[in-house]
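Letter by letter, the chains look like this.
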Amino acid sequence: MDQSIVFDLDLIKRYDKSGPRYTSYPTALELHEGFGEAEYLRHIQKSNAAGGPLSLYFHIPFCDTVCFYCACNKIVTKNRAHAVPYLDNLCKEIEMQGKLFDNSRPVNQLHWGGGTPTFLNYQQMKRLMETTREHFNLHDDDSGEYSIEVDPRETNDLTIAQLRELGFNRISLGLQDFDPDVQKAVNRLQSKEQTFAVLEAARKEGFRSTNIDLIYGLPLQTVNSFADTLDQVLAYAPDRFSIFNYAHMPSRFKTQRQINDADLPTSAVKLEILQMVGQKLTDAGYVYIGMDHFAKPDDELAVAQREGKLYRNFQGYSTHSDCDLVGLGVTSIGRVGDAYMQNYKELDEYDAAISQGKLPVFRGVDLDQDDKLRRAVITQLICHFELTFSKIETEFAINFAEYFAPELENLRLMKADGLLDLNADGIQVSTAGRLLIRNICMVFDKYLAQKQQQFSKVI
Ligand SMILES: C[S@@+](CC[C@H](N)C(=O)[O-])C[C@H]1O[C@@H](n2cnc3c(N)ncnc32)[C@H](O)[C@@H]1O
Ligand code: SF4
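All values derive from a computational prediction rather than experimental measurement.

Check the secondary structure of the protein chain and you find 17 helices and 20 strands. Whereas a compact globule of 459 residues would reach a radius of gyration of roughly 23 Å, the protein chain reaches 22 Å, a difference of no more than 12%. Seen through its principal axes, the protein chain has C-alpha atoms that stretch 60 × 55 × 40 Å. Across the 459 residues that make up the protein chain, the buried fraction comes to 58%. Long-range pairs, those at least 24 residues apart, make up 74% of the contacts in the protein chain between residues at least 6 apart in sequence. Of the roughly 18,700 Å² of accessible surface on the protein chain, 49% is carried by carbon and sulfur atoms.

Moving on, we come to the site of ligand 2. If you check the shell around ligand 2, you find C63, C67, Y69, C70, K74, G115, T116, D151, R153 and R188 and nothing else. Each residue belonging to the shell around ligand 2 can be placed in one class, and the counts come to four nonpolar, two polar and four charged.

A full pass over the atoms with the stated rule returns 28 salt bridges. The shortest N-O distance in the salt bridge between D231 and K280 comes to 3.0 Å. Placement of D231 in helix α8 (residues 223-234) and of K280 in helix α9 (residues 267-283) is noted, with a sequence separation of 49 residues between them. Accessibility expressed as a relative area gives 36% for D231, which makes it partly exposed. What you see here is one network of salt bridges that share partners, running through D64, K78, R80 and E154.

Our focus in this paragraph is the sheet that holds strand β19 (residues 420-422). If you walk across this open sheet you meet the three strands as β18-β20-β19, and the pairing is antiparallel. Only two strands of the sheet have a single neighbouring strand rather than two, namely β18 (386-388) and β19. Shown here is a sheet whose adjacent strand axes are inclined to one another by a mean of 15°, direction ignored. Relative to strand β20 (residues 426-429), β18 runs antiparallel, the two being bridged by three bridges. Note on β20: the bridge partner recorded for L387 is I427. Along the sheet face, helix α15 (residues 405-416) touches β19 and β20 and points at about 130° away from the line of β19.

In this section: helix α13 (residues 389-396). Since one α-helical turn is 3.6 residues long, residues separated by three or four positions face the same way. If you check which residues of α13 are buried, you get F389, I392 and F396. Down the axis, α13 shows its buried residues gathered within 70° of arc, on one side only. Projecting away from the buried face of α13 at angles above 90 degrees are the exposed residues K391, T394 and E395. Those residues of α13 hidden inside the fold are in contact with α12 (369-384), β18, α14 (400-403), α15, β19 and β20. In the stretch just after α13, A397 is the one whose phi turns positive, near 50°.

All right, on to the site of ligand 1 then. Taken together, the neighbourhood of ligand 1 is formed by 20 residues, with Y69, G115, Q176, R188 and D213 sitting nearest. A distance of 2.9 Å separates a nitrogen atom of ligand 1 from a polar atom in the backbone of G115. Separating an oxygen atom of ligand 1 from a side-chain N or O atom of D213 is a distance of 2.7 Å. Burial of ligand 1 by the surrounding chains reaches 90%, relative to a free accessible area of 570 Å². Elements that contribute at least two residues to the shell around ligand 1 include exactly β6 (145-150), β7 (170-176), β8 (209-216) and β9 (240-245).

Topologically, H111 is positioned in strand β4 (residues 106-114). In this structure H111 comes out as buried when scored by relative accessible area, which is 10%. There is a polar contact of 2.9 Å between the side chain of H111 and the side chain of E149. Residues contacting H111, with those up to four places away along its chain left out, are L56, Y57, F58, S147, I148, E149 and Q315.

What counts and what doesn't
Residues numbered from 1 in each chain as written. Chains lettered and ligands numbered in written order. Predicted model: local features only at pLDDT ≥ 70, side-chain atom pairs only at ≥ 80, totals over all residues. Heavy atoms only, no water. Helix = DSSP H or I, 4+ residues; strand = E, 2+ residues; numbered from the N terminus. Rg over C-alpha atoms; globule rule 2.2 N^0.38 Å. Buried < 20%, exposed > 50% of the residue type's maximum accessible area, 1.4 Å probe, protein only. Contact = heavy atoms within 4.5 Å. Areas by Shrake-Rupley, 256 points an atom, 1.4 Å probe, with all protein chains shown as cover. Near = heavy atom within 4 Å. Nonpolar A, V, L, I, M, F, W, Y, C, P; charged D, E, K, R; others polar. Salt bridge = Lys/Arg side-chain N within 4 Å of Asp/Glu carboxyl O. Pairing = 2+ DSSP bridges. Axes fitted to C-alpha atoms, helices over the stretch in contact; angles between N-to-C directions. Arc of directions from axis to C-beta. Polar contact = N/O pair within 3.5 Å; in protein donor to acceptor, adjacent residues only side chain to side chain.

In structure tokens form, the structure reads like this:
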């Protein structure tokens, strides 16, 4: 498959509106408190009967300092002692959940996210991994896809060696921007030396995939300053880039109010930055995976996309389509069978549930047949930029043209605009439409009309 993109400024301007990132469908906004422990247990039973590998997500919410732009679920504290009771409860949750899942199911994917997982010290990380190994069937031959998000300001060569020893083999580094003025404006001071030392240590220790997170649209950023950051990182050739569009929603994220609106780049500058990013990464040989992600052509994500095996979940793109995802820790979201479920978002509520010996699931959503159908369509489009109607018709026993008549009407307008090609057999997203894949998926989202204002801008 052709994995290139074309930057069409006019098209992007016309389609610049807010929308979900489709790490799930329905999105997390549809989770409701009518779904609790009983419903979760029912789905686990069904999932065990079906069998298959598992994916585990662990949320470590703590950060030492706050980055003003941050929209992640985190708890900012200098007090490392806060990790102790959290870790105790997380280990109890692992034991509780581990008992519910059939222990013969291998854990093909595991991810620690945050917050900042490296807020934990080595002994704590070791305990967390050992407890997981005790209650779930982890691979011990390095064949699982086990990944961690690290903050290079909190990590050194020794940490990287320890993480590898614990079983991690994929790593993602938060960077965002090297420009000193931008770093000051967002309260994240991070040197090149510490960032590249971590990247090099990860390579030396044999991490199979290295990712760098950058954000465009931060205060005081210019096309030239961001190009500088990108050039410096490109010289170290990480396997993947996540280049996020800054989601500025100060009414939802308090610390974003520390950012001066007047310092934010205009949409015209953001578009120029995006164009520059696409150009530089393509010139450097990276391919566009979709939705903010680029990878080297031999990275497993790029390979999975070419082979039609890419998938999307709460951690972004993944190669593990067949795994049920078990979310562990405060705010974690899981997907088990045909349901999504989330743990308590507040630490005290999470702690209270665990101390009472209860699963901390507080809300979720059961997918009906229409949700499953739309999820399959959206996942296929966002991962592979094409859809063959007959495949969906066979899987869901529908007539695509009849079921999605209004959606196809909308797609015809997009076809006229050059976003995609549409014929009797299916949809093919054009190289110019790829950067607007979210807009194309939005056509199939039944819930969107009521929710639009709650999402960040597409570009
Ligand atoms: C959990 S953090 C990564 C690990 C670690 N906490 C760190 O910052 O190095 C996840 C990533 O989300 C991205 N991010 C956070 N807030 C964002 C926002 N408002 N808009 C876009 N991306 C954001 C950043 O790129 C960040 O690296
Ligand atoms: S970007 Fe990372 S380190 Fe900064 S506040 Fe967010 S989660 Fe914490």
